[in-house]
Structures are given as structure tokens and as C-alpha cells.
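In case you want the letters, here they are:
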Amino acid sequence: MNNKELMDLALKARENSYSPYSNFAVGAALLAKNGKVYLGCNIENSSYTPTICAERVAFFKAVSEGVKEFEAIAIVGGKTKEEGRFCAPCGVCRQVMAEFCNKDFKIILGDRHHIEEFTLESMLPLAFTPTDLK
Ligand code: THU
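Along every chain, residues carry numbers that run from 1 in the direction the sequence is written. Confidence filtering applies because this is a predicted model: local features only for residues at pLDDT of at least 70, side-chain atom pairs given and counted only at 80 or more, and all residues used for totals across whole chains, interfaces and linings. In computing side-chain properties, one takes all heavy atoms of the structure into account and sets aside hydrogens as well as water.

Quick word on helix H3 (residues 91-100)
Reasoning step 1: Exposure categories follow from relative accessible area, calculated using a 1.4 Å probe and restricted to protein chains: below 20% of the type maximum is buried, above 50% is exposed, and the middle band is partly exposed. Only DSSP runs of H or I with at least four residues qualify as helices, and only runs of E with at least two residues qualify as strands; both kinds are numbered from the N terminus onward. Listed in full, the buried residues belonging to H3 are Cys93, Arg94, Val96, Met97 and Ala98.
Reasoning step 2: Only heavy atoms enter the contact rule, under which two residues are in contact if any of them lie within 4.5 Å. Those residues of H3 that are buried lie in contact with helix H2 (54-64), strand E3 (70-79), strand E4 (106-110) and helix H4 (120-123).

A word on the pairing of strand E2 (residues 37-41)
Reasoning step 1: When DSSP finds two or more bridges between a pair of strands, those strands are recorded as paired. Pairing between strand E1 (residues 24-32) and E2: five bridges, direction antiparallel. Counted as the bridge partner of leucine 31 is valine 37 from E2.
Reasoning step 2: The turn linking E1 back onto E2 is made up of four residues, and glycine 35 within it adopts a positive phi angle of 95°.

Comments concerning the side chain of arginine 94
Reasoning step 1: The residue arginine 94 is located in helix H3 in this model.
Reasoning step 2: Only four residue types enter the charge count, namely Lys and Arg as positive and Asp and Glu as negative; His and the chain termini do not. Salt-bridge detection follows one rule: a side-chain nitrogen of Lys or Arg within 4 Å of a carboxyl oxygen of Asp or Glu. Here arginine 94 is buried and forms no salt bridge, its nearest opposite-charge partner glutamate 55 lying at an N-O distance of 7.7 Å.
Reasoning step 3: Here a polar contact means two N or O atoms within 3.5 Å. Within protein one must be a hydrogen donor candidate and the other an acceptor candidate, and residues neighboring in sequence count only if both atoms are side-chain atoms. Polar contacts involving the side chain of arginine 94 include one to the main-chain carbonyl oxygen of methionine 123, which spans 2.8 Å.
Reasoning step 4: Non-local contacts of arginine 94, meaning those with residues more than four positions away in its chain, are made with Ala88, Pro89, Leu120, Met123 and Leu124.

Quick look at the packing of aromatic side chains
Reasoning step 1: Note on ring pairs: Phe, Tyr and Trp rings are taken, using the six-membered ring of Trp, and paired if centres are within 6.5 Å. Classes follow the plane angle, with under 30 degrees stacked, over 60 edge-to-face and the rest tilted. Counted by the stated rule, this structure contains five aromatic pairs.
Reasoning step 2: Here a set of aromatic residues connected by ring pairs shows up, and it is made of Phe59, Phe70, Phe100 and Phe105.

Notes on the sheet that holds strand E5 (residues 115-119)
Reasoning step 1: Strand order across the open sheet formed by five strands is E2-E1-E3-E4-E5, with mixed pairing between neighbours. Only two strands of the sheet have a single partner each, and these edge strands are E2 and E5. In this sheet, adjacent strand axes meet at a mean angle of 20° when their direction is disregarded.
Reasoning step 2: With five bridges connecting them, E4 and E5 associate as antiparallel partners. Across the sheet, residue glycine 110 finds its bridge partner in E5, namely isoleucine 115.
Reasoning step 3: Axis lines are fitted to C-alpha atoms, over the contacting stretch for helices. Their N-to-C directions set the angle, which ranges from 0 to 180 degrees. Sheet strands in contact with H2 are E1, E2 and E3, and its direction is about 140° off that of E2.

Encoded structure:
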């Protein structure tokens, strides 16, 4: 599974976004070390605070099925009626990544045409992680 293939899956996942309040649709495709891919989209709520980001949906689907080792995530977002474009993960989602992933976990951002690759360490330096509690 290369970066482009993972981004194409994130674009597909974005089609299921439930975001009638922000009209901002996000898709994520999370590649586990076992080769499986977990898709997520943002899911909003009329009460607002129960809203969850696409990235966390993908992570929680995987973890709820016993999968906790990950290689990479592709993320794409943008106004619902527009094409998906570069969308950086929010701070809460970066913290969830830091719970389960190593510093070299790949974060793949971009759109249908251009893709950039980052590491979790570059996007969340000096992260507080489970090892800090040991
Ligand atoms: N959102 C995500 O799903 N992921 C991000 O990384 C940024 C924000 C969602 C949350 C909300 O439904 C909408 O985008 C606008 O903030």
C-alpha cells in the first residue's frame, strides 16, 4: 500500500462524512502494521460536542477490534461541496496518534494530485506518551 493508494482510500472515506453543521468533510485511511486499512470520516452532532474527527474514528475502529500497531494515516478534508484538499490533523487527534504510534508514524496529507509525508514527531514534538507514566 503506497501513499497514493492510502490517500485514495481517505478520499473515498470522506464521501461518508456526516458534517451538516460545519460543511467541512474529512476522510482518513489508517494503515495498520498487519496490512489492514481502517477508514474514518468526521461525524458531527446537533449538540456539537459529541462531534468526532475522521482520524479518531479510524483509530477507534481499529483499537476496538484489537489492532494497536500502525504504519501510516492519510487524511484529506475541505468544504463538502469542494474537492478534498490538504487538512492537518487537530491537536486532539495528534495526541491519540501519540498514544498508539511511534515517532516515525507517517502522516500523509494532500489531495488527489499532491501528497506530502510527515512524521508524528514533526507534528507533535515533545509529546506526552504512555511511557511518561512509567
Ligand atoms: N475535523 C476532522 O475530522 N479532522 C481534522 O483533523 C480537523 C477537523 C472535523 C471536525 C468537524 O466535524 C469539522 O472537521 C470541522 O472542524
